[in-house]
Amino acid sequence: MPLTTHGHGDYLMIEGRPRTAPNDPSAFTRTHFVSSNYLGALGVHLLRGRFLTADDTTTSIPVAVISETAAQRFWNGEDPIGKRFSFSFGRPEGQGIW
């Protein structure tokens, strides 16, 4: 059940910041789509925010859980809670899901 290197890799876009250059390795990250009880089953310790719930579905407002490493890497000293980001998934800028 642990996360593996499998998953979708893409470039992170943070709302209100300039889009990174195509193929900029500093913006590349992997995403893993999981069920609401996945992180709890792994015994993941939550530092801030909340875990996913059964109410977080494909039709609800999109939410994410990020790692401490991602918080430091992409928000470097800022509070990432409540910030919006998107993945390009091959879409032009502004057409991703925030």
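Given the structure is predicted, the values throughout are model-derived calculations rather than measurements. (Residues numbered from 1 in each chain as written. Predicted model: local features only at pLDDT ≥ 70, side-chain atom pairs only at ≥ 80, totals over all residues. Heavy atoms only, no water.)

Caption draft 1: A look at the confidence of the model for the protein. Summary statistics for the protein give a mean pLDDT of 81 and a share of 81% for residues scoring 70 or more. Averaged over each element, pLDDT in the protein is lowest for strand 1 (residues 8-14) (77) and highest for helix 2 (residues 68-75) (90). (pLDDT = per-residue confidence, 0-100. Helix = DSSP H or I, 4+ residues; strand = E, 2+ residues; numbered from the N terminus.)

Caption draft 2: Representation of the pattern of salt bridges. On inspection of all chains with the given rule, the structure shows five salt bridges. Across the pair R48 and D79 runs a salt bridge whose closest N-O atoms are separated by 2.8 Å. Of the two residues, R48 sits in the loop between helix 1 (38-42) and helix 2 while D79 sits in the loop between helix 2 and strand 3 (85-87), which places them 31 residues apart along the sequence. Three or more residues are tied together by salt bridges with common partners; here these are R17, E78 and K83. (Salt bridge = Lys/Arg side-chain N within 4 Å of Asp/Glu carboxyl O.)

Caption draft 3: Structural view of the nonpolar core. Grouped together as the largest cluster of nonpolar side chains are seven residues: L12, I14, A70, F74, W75, F85 and F87. At the level of secondary structure, the elements contributing two or more residues to this core comprise strand 1, helix 2 and strand 3. The element that contributes the greatest number of residues to this core is helix 2, accounting for three residues. (Core = buried A, V, L, I, M, F, W, Y, C linked by side-chain atoms within 4.5 Å. Buried < 20%, exposed > 50% of the residue type's maximum accessible area, 1.4 Å probe, protein only.)

Caption draft 4: Spotlight on the environment of S36. With respect to the helices and strands, S36 occurs in the loop between strand 2 (28-31) and helix 1. Among the residues examined, S36 registers a relative accessible area of 33% and is labelled partly exposed. When the C-alpha atoms of S36 and A54 are compared, they prove to be 5.5 Å apart, with 18 residues separating the residues in sequence. What S36 contacts, discounting residues up to four positions off in sequence, is L52, T53 and A54. (Contact = heavy atoms within 4.5 Å.)

Caption draft 5: Quick look at the packing of aromatic side chains. Under the definition given, this model contains two aromatic pairs. A centroid spacing of 6.3 Å and a plane angle of 75 degrees characterise the contact between F74 and W75, whose relative ring orientation is edge-to-face. In this pair, the class of F74 matches that of W75, namely buried. Summarising the aromatic geometry, the rings of W75 and F85 are spaced 5.8 Å apart at their centres and angled 65 degrees between planes, so their arrangement reads as edge-to-face. Within this pair, whereas W75 is found in helix 2, its partner F85 is found in strand 3, the two being separated by 10 residues in sequence. Take W75 and F85: they sit in the same class, and that class is buried. Through a chain of ring-to-ring contacts, three or more aromatic side chains come together here, namely F74, W75 and F85. (Phe/Tyr/Trp six-rings, centres within 6.5 Å; stacked < 30°, edge-to-face > 60°.)

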